[in-house]
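Each chain, letter by letter, is given below.
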Amino acid sequence: MAICVARYMRGLSRLDSCNNVGIRIFKQQQQQQQQYRAYSFLNSHLKNKTCNSKQFYSTSSSSSSSSSSSSNGSKSGFLKWYLRMLETRPFITKSISSSLIFCAADVSSQVITLSPSESCPYDMIRTLRIAAYGLLIMGPSQHVWFNNLSRVLPGRDVIATLKKIFTGQVIYGPIMNTIFFSYNAALQGETKEDIVARLKRDLLPTLKNGLMYWPMCDFLTFRFIPVHLQPLANSSFAYLWTIYLTYMASLKKVGDD
């Protein structure tokens, strides 16, 4: 009887140990399932964030690229339009371009030279007068001068460029400066004698100062710029020169000094 009881007790202890092992295995399986669920949740959350960020960056990059492409397209569109106008209507296009540049140069000259204490700080009539000179005289003369000069002295090598510079300084520069001073003085009501006296006083100093500015500008124009764009380049260089030129033309006549 004692032996049977002992065997029964050993059987119970073995059953308890098996139950404990089963419980530990069950708990481990539950922990593994919970860890797997947590890992799956985090993985899906990170994937959603990654997709959202990709969509955001792709949207922002596409919007920025579209905005930059539209701005570049507008700039290139204006340039194409201007070049087309130079080919189809070169005379009027160069004249209007010269007029706008001369107008801007005179406004800059007045802003620089006129003092705020004066009763009339800005002279609109003077600006219109200078703009009309660019439209009616300078623009057309540039068109004729550069086209004929390229026929007489073709090529853009150094020797041809130096010949063009010399010709411009000897012929074109003195003629256009004389016309500018005479035109501006006549529209201000000066007499023939006043205009001659102004030319004697202002023309030679202006030509001397031009020798320090225009040869380098002409070298860049004749050496590197195509013929149909040379008037525009010349007018662009003339912006700074016209600021000085309008200042000289606005000086009092000789009798009022």
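Here the structure is shown first, and the text comes after it.
Residues numbered from 1 in each chain as written. Predicted model: local features only at pLDDT ≥ 70, side-chain atom pairs only at ≥ 80, totals over all residues. Heavy atoms only, no water.

Once that is clear, we can look at the overall build of the protein chain. Along the protein chain, the regular secondary structure elements total seven helices and zero strands. Secondary structure elements of the protein chain occur, N-terminal to C-terminal, as α-α-α-α-α-α-α. Here the protein chain holds 257 residues, and the buried ones make up 29% of them. A separation threshold of at least 6 residues defines the contact pool for the protein chain, and within that pool the share at least 24 residues apart is 76%. Entry remark: accessible area of the protein chain is about 16,700 Å², with carbon and sulfur atoms responsible for 66%. (Helix = DSSP H or I, 4+ residues; strand = E, 2+ residues; numbered from the N terminus. Buried < 20%, exposed > 50% of the residue type's maximum accessible area, 1.4 Å probe, protein only. Contact = heavy atoms within 4.5 Å. Areas by Shrake-Rupley, 256 points an atom, 1.4 Å probe, with all protein chains shown as cover.)

It is worth spelling out the packing of helix α2 (residues 90–113) against helix α3 (residues 124–152) at this point. At their nearest, the axes of α2 and α3 sit 7 Å apart, and the two run at 140° to each other. By the angle between their directions, the pair α2 and α3 is classed as oblique. Where α2 crosses over α3, the two elements pack in a sense that is right-handed. (Axes fitted to C-alpha atoms, helices over the stretch in contact; angles between N-to-C directions. Parallel < 35°, antiparallel > 145°, perpendicular 65-115°, else oblique. Left-handed = near helix turned anticlockwise from the far one by under 90°.)

We now examine the nonpolar core. Ranked by size, the top nonpolar core spans 26 residues in total, and within it F102, Y133, M138, F180 and F181 carry the most contacts. Listed by contribution, the elements that provide at least two residues to this core are α3, α4 (158–187), α5 (192–211), α6 (214–224) and α7 (230–249). Looking at which element gives the most residues to this core, the answer is α4, with seven residues. (Core = buried A, V, L, I, M, F, W, Y, C linked by side-chain atoms within 4.5 Å.)

Here the focus is the side chain of S108. Mapped onto the fold, S108 is located in helix α2. A distance of 2.5 Å separates a polar atom in the side chain of S108 from a polar atom in the side chain of Y239. What S108 contacts, discounting residues up to four positions off in sequence, is Y239 and I243. (Polar contact = N/O pair within 3.5 Å; in protein donor to acceptor, adjacent residues only side chain to side chain.)

Right, let's get into the pattern of salt bridges. All told, the structure shown has four salt bridges when counted by the stated rule. Among the salt bridges present, the one from D106 reaches R126, with a minimum N-O distance of 2.7 Å. Of this pair, D106 sits in helix α2 while R126 sits in helix α3, and the two are 20 residues apart along the sequence. Judged by relative accessible area, which is 0%, D106 ranks as buried. Residue R201 pairs with D202 through a salt bridge whose shortest N-O separation is 2.8 Å. In this structure R201 comes out as partly exposed when scored by relative accessible area, which is 25%. Sharing partners across several salt bridges, the network here consists of E190, R198, R201 and D202. (Salt bridge = Lys/Arg side-chain N within 4 Å of Asp/Glu carboxyl O.)

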